[in-house]
Amino acid sequence: MRRLNKKKALNLVKELDAFPKVPESYIETSTSGGTVSIIAFTTIALLSTMEFFVYCDTWMKYDYEVDKDFGSKLRINLDITVSMKCHYIGADVLDLAETMVAASEGLKYEPTIFELSPRQRTWQRTLQKIRRKVHEEHSLQDLLFKSAFKGSPTVLPPREDRLSHPHDGCRIHGHLYVNKVAGNFHITVGKAIPHPRGHAHMAALISHDVYNFSHRIDHYSFGEPIPGLINPLDGTEKIAIDHNQMFQYFITIVPTKLNTYKFSADTHQYSVTERERVINHAAGSHGVSGIFIKYDISSLTVTVTEQHMPLGQFLVRLCGIIGGIFSTTGMLHGLVGFLVDVICCRFKLGAYKPKSIPELDGHMNNHSLPISDDFDH
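**Student:** Help me out: how do you make sense of helix H2 (residues 31-56) in this one?
**Tutor:** Three or four residues apart is the spacing at which side chains of an α-helix point the same way, because the helix has 3.6 residues per turn. The terminal C-alpha atoms of H2, which comprises 26 residues, lie 38 Å apart, in line with the 38 Å expected from a rise of 1.5 Å per residue. The set of residues buried in H2 consists of Gly33, Ala40, Ile44, Ser48, Glu51 and Tyr55.

Printed below as a string of structure tokens:
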């Protein structure tokens, strides 16, 4: 009884077989089928390899939401070299809340030589090329996000030569914490002094002949510094053509949360437009000579997350590649075989030629039909 039930169960399972086996004696191979099989296997191997590389790679996903962080401070990181001596210039920040942040709170003034050495000049040109490429191809920024923690290309290398002439420039570097509102960071003549109606700089005793706001921005960023991240102002160099010249940079800051498999940070991206003009009160061009970086903060926050293809999705795509190629090549092989059979075989002259009546042999032709005697009558 048990054997009978087991046999019935096996027969039931056998009837559910969706992959019936064809006896080898019924299988007919052909050269065209073998060629199509080689092409199909090669295509499967190629696409499967490419799909595996896609599975191993990661990509950056961008999400946008309203910025709900109102009470935090904004960090400004800068490294700017001006072609003037340090005791002639001063740097500070004034925001829309009429709050002045003096440079003495976090910035350092370091006498230096404005002209770069050959190695430093090569570094700056390379940095400018990378910055232009990132501006043209935004997808390169994703690569910088992934590899941002392998080096610090925005750090100016030390000089390899020892020049004897005196220092003619001032390097201002460090960081400041300001209110998270629009503001104006500026470098102009004279040290900043507090004022009841704002702020002022002690520039009255400095001759206009020493004014020279040629400058180089080696680094300028907001938020937590990320090594290797190229910012729009990194590597910028401007040469003044007049003593009384104003350089203006207008920045829009976008708060950014970066989450990769190696690091997580709260930083800021920004876009910039620039303008420069010569101060000439007689010609109607008013203002103050110096470097002015005016920034505004976007109300949106960008969350950048590094993502990886799930294993299940990879397996589904891989099955789709294998099954799709087998089905497609099978249909194409059948269609091509049918067309070749129709064109080359079916409509040849001898394909549908009617069968001819066999000719009578000589033995039959020698016998004459019998003539009835009644015919003579």
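**Student:** Explanation requested: the packing of aromatic side chains in the structure shown.
**Tutor:** Any pair of aromatic rings gets described here by the distance separating the centres and the angle formed by the planes. One pass over the full model with this rule turns up nine aromatic pairs. Ring geometry for Phe185 versus Tyr220: centroids 6.2 Å apart, planes at 50 degrees, classification tilted. Here the residue Phe185 occupies a position in strand S7 (residues 183-189), and Tyr220 occupies one in strand S10 (residues 215-223), the gap between them amounting to 35 residues. As far as burial versus exposure is concerned, Phe185 and Tyr220 are alike and both buried. With a centroid separation of 6.4 Å and 70 degrees between ring planes, the pair formed by Tyr211 and Phe213 is classed as edge-to-face. Here the two residues Tyr211 and Phe213 agree in accessibility, since each one is buried. Ring pairing ties together the aromatic residues Phe185, Tyr220, Phe222, Tyr270 and Tyr295, which thus form one cluster. Here the basic side chain of Arg216 rests over the ring of Phe114, its NZ or CZ set 5.2 Å away from the ring centre.

**Student:** Any chance you could explain helix H3 (residues 118-136) here in plain terms?
**Tutor:** The first and last C-alpha atoms of H3 sit 27 Å apart over 19 residues, in line with the 27 Å expected at 1.5 Å per residue. All of the buried residues along H3 are Gln120, Arg121, Trp123, Gln124, Leu127, Gln128 and Val134. The arc enclosing the buried residues of H3, seen along the axis, measures out at 155 degrees, which places them on a common side. The exposed set on the far side of H3, more than 90 degrees from its buried face, consists of Pro118, Arg125, Lys129 and Glu136.

**Student:** Explanation requested: empty space enclosed by the protein in the structure shown.
**Tutor:** Remark: the empty space left among the atoms is shown by a probe the size of a water molecule rolled over them. Considering all chains together, one arrives at one cavity of 30 Å³ or more under this definition. Volume-wise, the largest cavity comes out at about 50 Å³. Looking at the largest cavity, the residues that line it are His219, Ser221, Phe222, Glu224, Pro225, Ile226, Leu229, Asn231 and Thr267. Among the elements that take part in the lining of the largest cavity, S10 stands out by supplying three residues, more than any other. When its residues are assigned to classes, the lining of the largest cavity shows four nonpolar, four polar and one charged.

**Student:** I tried to follow the side chain of Ser214 on my own but got confused; where do I start?
**Tutor:** Here Ser214 lies in the loop between strand S9 (198-201) and S10. Polar side-chain contacts of Ser214 include one of 2.8 Å to the backbone nitrogen of Ala240. Ignoring sequence-local partners within four residues, the contact set of Ser214 consists of Thr81, Val82, Ser83, Phe114, Lys238, Ile239 and Ala240.

**Student:** I tried to follow the confidence of the model for the protein on my own but got confused; where do I start?
**Tutor:** Reading predicted coordinates in detail is not appropriate for stretches of low pLDDT. Across the protein, the average pLDDT comes to 80, with 80% of residues at 70 or higher. A low-confidence stretch, residues 364-369 stays under pLDDT 50, and its non-local contacts, those more than four residues away or across chains, total one contact. Of the regions scoring below 50 in pLDDT, residues 371-377 engages in zero contacts with residues more than four places distant in sequence or in other chains.

What counts, and at which threshold
Residues numbered from 1 in each chain as written. Predicted model: local features only at pLDDT ≥ 70, side-chain atom pairs only at ≥ 80, totals over all residues. Heavy atoms only, no water. Helix = DSSP H or I, 4+ residues; strand = E, 2+ residues; numbered from the N terminus. Expected span 1.5 Å × (residues − 1). Buried < 20%, exposed > 50% of the residue type's maximum accessible area, 1.4 Å probe, protein only. Phe/Tyr/Trp six-rings, centres within 6.5 Å; stacked < 30°, edge-to-face > 60°. Lys NZ or Arg CZ within 6 Å of the ring centre and 35° of its normal. Arc of directions from axis to C-beta. 1 Å grid on protein atoms, 1.4 Å probe; cavity = no way out; pocket = protein on both sides within 12 Å on 5 of 7 lines; lining within 4 Å. Points joined across faces, edges and corners; volume = space filled by probe spheres on them. Nonpolar A, V, L, I, M, F, W, Y, C, P; charged D, E, K, R; others polar. Polar contact = N/O pair within 3.5 Å; in protein donor to acceptor, adjacent residues only side chain to side chain. Contact = heavy atoms within 4.5 Å. pLDDT = per-residue confidence, 0-100.

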